[in-house]
Amino acid sequence: MTTAITGRTTAKGAVGTAHTRVEGRDKVTGAARYAGEIPFAELAHGWLALSTVARGRILAVETAPVLAMPGVIAVLHHGNAPRVDTEYIGLLGVPPDPTTAVFQQDRVPYLGWPVALVVAETSEQAREAAEALVVRYEEEPHDVAFEGGEHPDAYPLDAHMPAVAEKGDLEAELAASAVVLDAEYSTPEEHHNPMEPHAATARWDGGRLEVVDSNQGTVWVAAELASLFSLDPAAVRVRSEHVGGGFGSKGVRAHQVAAVMAATVLQRPVRVVMTRRQMFSLAGYRSPTAQRLRLGADADGRLRALEHRSLSLTSTVHEFIEPSAGVARTMYDADAHHTSNQVVRLDVPTPTWMRAPGEAPGSFALESALDELAEKCGIDPIELRARNEPERGPVSGLPFSGRNLHACFREGARRFGWADRDPRPGLRRDGRWLLGTGTAAASFPAGSAPSTGAVTAEADGTFTVRINAADIGTGARTALTLVAADALEVAPDRVQVHIGDSDFGMAFIAGGSMGTRSWAWAVTVAAGELRERLALGAIIPPEGITVRSDTTEAVGALAQMERHSFGAQFAEVAVDVTTGEVRVRRMLGIFAAGRIINPLTARNQFVGGMTWGISMALHEEAVRDRATGGHYGADLAGYHVATHADVPHIEADWIDDPDPDDPIGIKGIGEIGIVGAAAAIANAVWHATGVRHRSLPIRPDRVLRAAQHA
Ligand code: MOS
């Protein structure tokens, strides 16, 4: 691999200066190979066949005709596939999702459930045979309808946070409030849709299982595969060098497990790639949410009561919750503060994390409600938020490690031109367009997790970093190059960073906006120690000098605090109430998100998140057909993701906000860009039209219907 860092290192170091991606040239020239295109000798191709009923039992898998088709080698299904262990407790503290432990039972819990893997000499042969495979079912009635608040069998479920947190007498404080808001908000089912579909190749190599994959953490995938197949973890190697997006969807999924089964049975390498359509049932998704907000405030806007209840769904075979009410526990205090996250089980696939899980839909409801309260109180929405800045964590009582929310609002308001805004709705017109502006707050947890790393001083004067990081398009590889260069006090072009290999040892996943921070910590410790040894005059032998680090103790010693990034989102929209079209004209996000390592790729993360906010506000919606239990239009034509034509000029910037407890000052930036973005747009639509939209996406038909009733 070539290194193509262009910037010059100043006396101040590489961190904080703009650098193009170190693997950028390889990616744009096609030299970088993705998981689905790495060549293997004797490679066989597996194609997943998915259930066509939403609930029932498999009666027969008619393999004989398919086995007679050209090139077909095997058909794996629940009747003949290797047994795996599904009883273990995984890294996430729960048993594996049965969707992942494929072909272990004849029950079908949703439409799109993997029922067979057809393996053939070519991908085309496998696909043709999988599509010809007849599977007979005993069908049972199913229920896929998410009815908002109307689920009597919903129940609270803890996530990384308790399901329920209550302090104070909610009804009494509401009754004593001068201004009360009671509103329901909903967000639809949303899908990650990374550009690169999930793909894995599995093979046995001298008694070791090797999997070449596209994932957000090779240690995670390797550990789950070792557990499922009852293997010594040291006998499993997972590599994932380049990843074309993940957003939470790229963990352990059916394709890796099916590939390992087939490679084991056939004793040759087997590749399984998901189609875009298959990803809609196999890759996870964001649950729809139904949220109720009740806010009570004094006439001056100070909150007395805050209630945020969120309902999301999960499958009948595995529990997952979208904890949308959690964001209220960070953002605002009130004498009575009640939040809860509930879940209902339906005959659908299990949802999973998707960029800012909880915060993305939760901030839409909460930040819309704050805007509605500001309107009712006759107070500027930024001023209302300033009056409700908590001293400590509203639920935890812990101090904030830093809370620069209103520094973001001040800078954002200045640059956006907020001071000139007439708060009255429905007054501004540009031809057929009504114009409006809106704002919302953003926050996302700032965490770090234990990681190990190794830095080698090579005999030729260069340095090699090995850390099991995942660069899922974020620029993490480049950020770590800059961090290592500064810790070593050398120019970045003397540093090579190798990532995405479980043999490099334990490291945190690319998730929770914690990846780069967690890895950078480990790299800094190892590189700093290596620099000290070299400074003492160590002679470098031909094999180099390697220093390893493990941050488990240091991360574990961090004091309990409310640790978050913050941001202020601004949007201007134009609404045509005769067609229902909403156009975002400009967006500005100002963030307090720790020290920024590489301004070029950091801006890309913020703008990417804000673009997701536009997409969430106006476009994305996976619609289920109640009759079949499957999706309408499970593809990028039927499920519209914001494209260039939908996205205006977006500005993202940041204020100085180093984390005092991180060796570099990092907080993490992968997710906060989407938080509050949809609310800022919805608030701007209200300002343009005078109509509140509490259900996403703000589709043309919804705008038209509201305009007719206004
Ligand atoms: Mo992210 S949803 O933590 O990959």
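Owing to the predicted nature of the structure, the values given are computational and were not obtained by experimental measurement. (Residues numbered from 1 in each chain as written. Predicted model: local features only at pLDDT ≥ 70, side-chain atom pairs only at ≥ 80, totals over all residues. Heavy atoms only, no water.)

1. Re the overall build of the protein
Each helix and strand counted, the protein has 17 helices and 25 strands in total. Taking 2.2 N^0.38 as the reference for a compact globule, 710 residues should give roughly 27 Å; the C-alpha atoms of the protein span a radius of gyration of 26 Å, in line with that estimate. In terms of principal-axis extent, the alpha carbons of the protein reach across some 75 × 75 × 50 Å. Residues counted as buried form 61% of the 710 residues belonging to the protein. By element, 51% of the accessible surface of the protein is carried by carbon and sulfur atoms, the whole surface being about 26,300 Å². (Helix = DSSP H or I, 4+ residues; strand = E, 2+ residues; numbered from the N terminus. Rg over C-alpha atoms; globule rule 2.2 N^0.38 Å. Buried < 20%, exposed > 50% of the residue type's maximum accessible area, 1.4 Å probe, protein only. Areas by Shrake-Rupley, 256 points an atom, 1.4 Å probe, with all protein chains shown as cover.)

2. Comments concerning the UniProt feature "domain: Aldehyde oxidase/xanthine dehydrogenase a/b hammerhead" (unreviewed entry) in the protein
On the UniProt side, "domain: Aldehyde oxidase/xanthine dehydrogenase a/b hammerhead" (unreviewed entry) is annotated at positions that read residues 29-141 here. Strand forms 31% of residues 29-141 and helix 14%; the C-alpha atoms that close the span are 51 Å apart. (UniProt positions renumbered as here; feature names shortened; annotations may be inferred.)

3. Thoughts on unusual backbone geometry
Of note, the bond from L696 into P697 is cis; its omega dihedral lies within 30 degrees of zero at -5 degrees. Counting through the fold element by element, P697 comes out in the loop between α16 (677-689) and α17 (700-709). For N193, which is not glycine, the phi dihedral falls at a positive 50 degrees. Take N193: its relative accessible area is 11%, and that puts it in the buried class. Phi angles above zero are rare outside glycine, and A356 is one such case at about 60 degrees.

4. Here we look at the nonpolar core
Nonpolar side chains in soluble globular proteins tend to be buried together. In terms of nonpolar packing, the biggest core is built from 82 residues, with L295, F570, V573, M587 and I681 touching the most fellow members. Y88, A262, M274 and M279 belong to the second-largest nonpolar core, a separate cluster that totals 40 residues. (Core = buried A, V, L, I, M, F, W, Y, C linked by side-chain atoms within 4.5 Å.)

5. With respect to the sheet that holds strand β5 (residues 114-120)
Here 7 strands make up an open sheet; going across it, the order is β3-β5-β1-β13-β10-β11-β12 and the pairing mixed. The sheet is open, and its two borders are formed by β3 (72-77) and β12 (236-239), each paired with just one other strand. Across the sheet, the axes of successive neighbouring strands diverge by a mean angle of 20 degrees, strand direction being ignored. Across the sheet, helix α3 (residues 123-132) is in contact with β1 (44-50), β3 and β5; its angle to β1 comes to roughly 25 degrees. Along the sheet, helix α6 (residues 254-266) makes contact with β1, β3, β5, β10 (199-205), β11 (208-213) and β13 (270-273), crossing β10 at roughly 30 degrees. (Pairing = 2+ DSSP bridges. Axes fitted to C-alpha atoms, helices over the stretch in contact; angles between N-to-C directions. Contact = heavy atoms within 4.5 Å.)

6. Considerations on the packing of aromatic side chains
To describe a pair of aromatic rings, you give the distance between the ring centres and the angle between the ring planes. Taken as a whole, this structure holds 12 aromatic pairs when the rule is applied. Ring geometry for F280 against Y639: centres 5.7 Å apart, planes inclined by 75 degrees, an arrangement best described as edge-to-face. In this pair, F280 sits in helix α7 (residues 276-282) while Y639 sits in the loop between α15 (599-618) and β25 (649-654), placing the two residues 359 residues apart along the sequence. On the basis of an interplanar angle of 80 degrees and a centroid distance of 6.3 Å, the ring pair of F409 and F570 is categorised as edge-to-face. Of the two residues, F409 sits in helix α11 (residues 405-416) while F570 sits in strand β23 (residues 564-576), which places them 161 residues apart along the sequence. (Phe/Tyr/Trp six-rings, centres within 6.5 Å; stacked < 30°, edge-to-face > 60°.)

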